[in-house]
Amino acid sequence: MEGISNSRKFKRICVFCGSRAGNKPSFTDAALQLGKQLVDRKIDLVYGGGSVGLMGLVSKTVFDGGCHVLGVIPKALVAHEISGASVGEVRIVADMHQRKAEMAKNADAFIALPGGYGTMEELLEIIAWSQLGIHDKPVGLLNIDGYYNSLLALFDKGVEEGFIEDSARNIVVWADSPDHLINKLEVSYFK
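Residues numbered from 1 in each chain as written. Predicted model: local features only at pLDDT ≥ 70, side-chain atom pairs only at ≥ 80, totals over all residues. Heavy atoms only, no water.

### Section: unusual backbone geometry
Keep in mind that most residues, glycine aside, have a negative phi and that most peptide bonds are trans.
And then number 1: Notably, K42 is not glycine yet its phi reads approximately 55°, a positive angle.
And then number 2: Considering the arrangement of structural elements, one finds K42 in the loop between α1 (25-40) and β2 (44-47).
And then number 3: Even without a glycine there, the phi angle at D145 is positive, about 50°.
And then number 4: Among the secondary structure elements, D145 is positioned in the loop between β6 (139-142) and α6 (149-160). (Helix = DSSP H or I, 4+ residues; strand = E, 2+ residues; numbered from the N terminus.)

### Points about the packing of aromatic side chains
And then number 1: Applying the stated criterion to the full structure yields six aromatic pairs.
And then number 2: Measuring from centroid to centroid gives 5.9 Å for F16 and F110, while their planes differ by 10°, and the two rings are stacked. Of the two residues, F16 is situated in strand β1 (residues 12-16) and F110 in strand β5 (residues 109-112); the sequence distance between them amounts to 94 residues. For the pair formed by F16 and F110, the shared burial category is buried.
And then number 3: Measuring from ring centre to ring centre gives 5.0 Å for Y147 and Y148, while their planes differ by 90°; the resulting arrangement is edge-to-face.
And then number 4: Judged by relative accessible area, which is 1%, Y148 ranks as buried.
And then number 5: Each residue in the set F10, Y189 and F190 is aromatic and connected to the rest through ring pairs, giving one cluster.
And then number 6: Directly above the aromatic system of W174 lies the positively charged group of K184, at a separation of 5.7 Å from the ring centroid. (Phe/Tyr/Trp six-rings, centres within 6.5 Å; stacked < 30°, edge-to-face > 60°. Buried < 20%, exposed > 50% of the residue type's maximum accessible area, 1.4 Å probe, protein only. Lys NZ or Arg CZ within 6 Å of the ring centre and 35° of its normal.)

### Quick notes on the nonpolar core
And then number 1: By size, the foremost hydrophobic cluster in this structure holds 31 residues, and its most contacted members are L38 and L113.
And then number 2: Breaking this core down by element, the ones donating at least two residues are β1, α1, β2, α2 (53-64), β5, β7 (172-175) and α8 (178-189).
And then number 3: Considering every element that reaches this core, the biggest residue donor is α1, with six residues.
And then number 4: For L38, the contacting residues outside a window of four places in its chain are I13, V15, I43, L45, V62, C67 and I182. (Core = buried A, V, L, I, M, F, W, Y, C linked by side-chain atoms within 4.5 Å. Contact = heavy atoms within 4.5 Å.)

Written out as structure tokens, the structure is:
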């Protein structure tokens with residue numbers, strides 16, 4: 001991490017990702033690599049609280065590496081997203097709205113790995129909050145095997161058609177590897 005001092009780095013990153021592993025080994029590899037990057041950089045994890053899918057891989061990797069893990073999960077999802085023992089600190093909240101607010105409050109930056117509707121909903125809300133000035137924290141997409149290419153193209157189409165300001169298009173930083181993405185987020189945030 002050249003150029004970034006310890007006092008100028010992220011302390012906690014919120015990761016949005018699937019409660020499923022997906023069909024490609026590259027998705028699980030990326031989740032493990034992201035977890036290892038967080039550990040190597042001594043960055044704590046805030047995430048959706050599940051112990052399955054990509055969520056489980058990232059959280060276990062970070063926890064086993066000695067960093068703090070905060071999982072925030074709505075009461076209704078506990079049975080679906082926690083299988084066996086959970087890791088780290090788990091906060092059970094009333095609903096998805098409280099989950100997202102708690103995750104945002106406890107994170108310095110956000111990264112989305114591949115995931116389904118829930119991941120995309122969390123990502124889009126955090127982007128909208130940035131556009132509205134509710135937070136000024138960086139938002140990153142880990143675009144593994146082009147998973148988010150269509151979403152990035154949709155953002156570009158929104159700019160082209162006049163629904164998204166040019167400046168708001170830059171809210172989302174993306175890369176195809178965890179180390180590159182965290183570096184880009186740090187450079188954009190710690191100018």
